[in-house]
Every structure is written in structure tokens, then in C-alpha cells.
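# Coordinate inspection notes
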Amino acid sequence: MLVTGILLVGLQYPLGNDVNNVKITVKLAVLIAIIVIALVNRKRETVAGWVLPTIGGLTVLNVVLATVWR
């Protein structure tokens, strides 16, 4: 998500399209939260019960932000 997001946003500037920087910043913050939670819990033998629902919820939130926020 990070690489494709950077590529898609980066391609908008040379094309002269306006980019909603607030939206991109919020989506980046959500993505960083997903990455941090995943990296902190990746080596653990057993994962806490809140980890997978939180990662799933944040992923859905990121998709909703991308599709609903104009």
C-alpha cells in the first residue's frame, strides 16, 4: 500500500492534478499505524486478540478514506 500510494500521488504532480494533501497525510498516518502494529507483533508466538481486528479495521478505514473522502 505504501509503495503504490507514493507512486500514485507522485504521478499526480507532473500531470498537473491537484492532490488533497490532508487526505494523503491521514491515509499515511493510518498506514504507519498498521505497519507499526504488524512489525511489533510479527515475531510473537501468540498474538493478542486485538491485533488482527485492529489491523483489519485500520485497513478498512484506509479503503473508506480513499473511496469516500473527496
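Described in the following lines is the structure provided in the data block. Since we're looking at a predicted model, the values are computed, not measured.

Reading the values: the criteria
Residues numbered from 1 in each chain as written. Predicted model: local features only at pLDDT ≥ 70, side-chain atom pairs only at ≥ 80, totals over all residues. Heavy atoms only, no water. Helix = DSSP H or I, 4+ residues; strand = E, 2+ residues; numbered from the N terminus. Buried < 20%, exposed > 50% of the residue type's maximum accessible area, 1.4 Å probe, protein only. Lys, Arg positive; Asp, Glu negative; His and termini not counted. Salt bridge = Lys/Arg side-chain N within 4 Å of Asp/Glu carboxyl O. Core = buried A, V, L, I, M, F, W, Y, C linked by side-chain atoms within 4.5 Å. Contact = heavy atoms within 4.5 Å.

## Concerning the side chain of Lys23
Looking at the element boundaries, Lys23 is found in helix H2 (residues 21–41). No salt bridge is formed by the buried Lys23; its nearest oppositely charged neighbour, Asp18, is found at 13 Å.

## Topic: the environment of Gly5
Here Gly5 shows up in helix H1 (residues 2–15). Residue Gly5 is classed as partly exposed on the basis of its relative accessible area of 28%. In the structure, Gly5 is positioned 23 residues away from Leu28 in sequence and 8.7 Å away in space, judged by C-alpha atoms.

## Description of the nonpolar core
Val30, Ile34, Ile37, Val51, Ile55, Leu58 and Leu65 form the largest nonpolar core, which has 7 residues in total. Those elements giving two or more residues to this core turn out to be H2 and helix H3 (51–68). At 4 residues, H3 tops the list of elements feeding residues into this core. When residues no more than four places from it in sequence are discounted, the contact partners of Ile55 are Ile34, Ile37 and Ala38.

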